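This is what each chain is made of:
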Amino acid sequence: MELLKRIKDRSPEYDSQYYQMILDFTIEQGGKAGTSTEETRWKQGKYFSTRYEMYMYAALLGLKKDYKIPIAYGTEKNKFIEMRSWQPQDITEYIIMGVLTKSGIDFNELENMEESKVEKQITELRGLLEEYANGGFDIIRSKREEDPSFFLHNDRCFIELLDE
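Just so it is clear, the model here is predicted, and its values are computed rather than measured.

Visitor: Would you mind going over the overall build of the protein chain with me for this structure?
Guide: The helix and strand inventory of the protein chain stands at nine helices and two strands. Along its sequence from the N terminus, the protein chain presents helices and strands in the succession α-β-α-α-α-β-α-α-α-α-α. The C-alpha atoms of the protein chain give a radius of gyration of 17 Å, which matches the 15 Å a tight globule of 164 residues would have. Scored against the burial criterion, the 164 residues of the protein chain give a buried share of 41%. Residue pairs at least 24 apart in sequence account for 78% of intrachain contacts in the protein chain once pairs closer than 6 positions are excluded. Here the protein chain displays about 9500 Å² of accessible surface, and carbon together with sulfur accounts for 49% of that area. Of the side-chain charges in the protein chain, 23 are positive and 31 negative, and the distance between the mean point of each set is 2 Å.

And the structure:
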């Protein structure tokens, strides 16, 4: 489980172009956190309590659709808190397992690698997670541009987007 702990110690980043979209679907953080009622959230069109929940969703969407987009070198990025702080933990671990499955890592080989190579593999896993989340954000962006009312008048929009 040392590998899982080391992966969770990472702070994934995302393309800054999605910052406003994340805010649009997320309850405002800071001094207002936890003060919104359920009714207020729905009126605001907010679906996620925290920004990293939106990131988790985007990663799941990208994994489910097997759609990833590398974040180009030099792109302005924002960082999330470490994955060990994400909640719920079982979904966090599900996402990590999904990324591990897509990575093609040979775990037998990993066990015998030098520390520097293991560290490189963990960094690559974080990059792969970012690619799938970036793909998920792109799907959301595309759907929003194609049908803006989809997210405004559909309480189940994010669930339905996973099933499309």
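Next comes the rest of the account.
Visitor: Before we go on, may I ask you to explain unusual backbone geometry in this structure?
Guide: For residues that are not glycine, phi is negative in most cases, and the peptide bond is trans in most cases. A cis amide bond links Gln87 to the next residue, Pro88, at an omega of -5°. Tracing the sequence through the fold places Pro88 in the loop between β2 (77-79) and α5 (89-103). Backbone geometry places Asp66, a non-glycine residue, at a positive phi of 50°. As for its placement among the helices and strands, Asp66 is situated in the loop between α4 (51-64) and β2.

Visitor: I tried to follow the confidence of the model for the protein chain on my own but got confused; where do I start?
Guide: Low pLDDT means the predicted atomic positions in that stretch should not be read closely. Per-residue pLDDT for the protein chain averages 89, and the proportion of residues at 70 or more is 90%. No element of the protein chain has a lower mean pLDDT than helix α3 (residues 38-44), at 65, and none a higher one than helix α7 (residues 115-146), at 96.

Visitor: What is the right way to look at the packing of aromatic side chains in this model?
Guide: Describing an aromatic ring pair means giving the distance of the ring centres and the angle of the ring planes. The tally for this structure, following the rule as stated, stands at 16 aromatic pairs. Between Phe48 and Tyr57, the ring centres sit 5.7 Å apart and the planes meet at 45°, which makes this aromatic pair tilted. Here Tyr55 and Trp86 contribute two aromatic rings whose centre-to-centre distance is 5.8 Å and whose plane-to-plane angle is 65°, an arrangement assigned as edge-to-face. Taken together, the positions of Tyr55 in helix α4 and Trp86 in the loop between β2 and α5 put the pair 31 residues apart, joining distant regions of the chain. Accessibility assignment for this pair places Tyr55 and Trp86 in one class, buried. Each residue in the set Tyr14, Tyr18, Tyr52, Tyr55, Phe80, Trp86 and Phe137 is aromatic and connected to the rest through ring pairs, giving one cluster.

Visitor: Even after reading the chapter, I still don't get the environment of Pro148, so can you show me in this structure?
Guide: The residue Pro148 is located in the loop between α7 and α8 (149-152) in this model. Under the relative-accessibility criterion, Pro148 is labelled partly exposed at 49%. For the pair Pro148 and Ser11, spaced 137 residues apart in sequence, the C-alpha separation works out to 31 Å.

Visitor: Please explain α4 as it appears in this structure.
Guide: Think of an α-helix as turning once every 3.6 residues; residues three or four places apart then point the same way. The end-to-end C-alpha distance of α4, which contains 14 residues, comes to 20 Å, matching closely the 20 Å that a straight helix rising 1.5 Å per residue would cover. A large share of α4 lies buried, amounting to ten of its 14 residues. Turning to α4, its buried residues number three or more, namely Tyr52, Met54, Tyr55, Met56, Tyr57, Ala58, Ala59, Leu61, Gly62 and Leu63. Against β1 (13-15), α2 (19-24), α5, α7 and α9 (157-163) lie the buried residues of α4. Asp66, located one to two residues past α4, shows a positive phi value of around 50°.

What counts, and at which threshold
Residues numbered from 1 in each chain as written. Predicted model: local features only at pLDDT ≥ 70, side-chain atom pairs only at ≥ 80, totals over all residues. Heavy atoms only, no water. Helix = DSSP H or I, 4+ residues; strand = E, 2+ residues; numbered from the N terminus. Rg over C-alpha atoms; globule rule 2.2 N^0.38 Å. Buried < 20%, exposed > 50% of the residue type's maximum accessible area, 1.4 Å probe, protein only. Contact = heavy atoms within 4.5 Å. Areas by Shrake-Rupley, 256 points an atom, 1.4 Å probe, with all protein chains shown as cover. Lys, Arg positive; Asp, Glu negative; His and termini not counted. Charge placed at Lys NZ, Arg CZ, Asp CG, Glu CD. pLDDT = per-residue confidence, 0-100. Phe/Tyr/Trp six-rings, centres within 6.5 Å; stacked < 30°, edge-to-face > 60°. Expected span 1.5 Å × (residues − 1).

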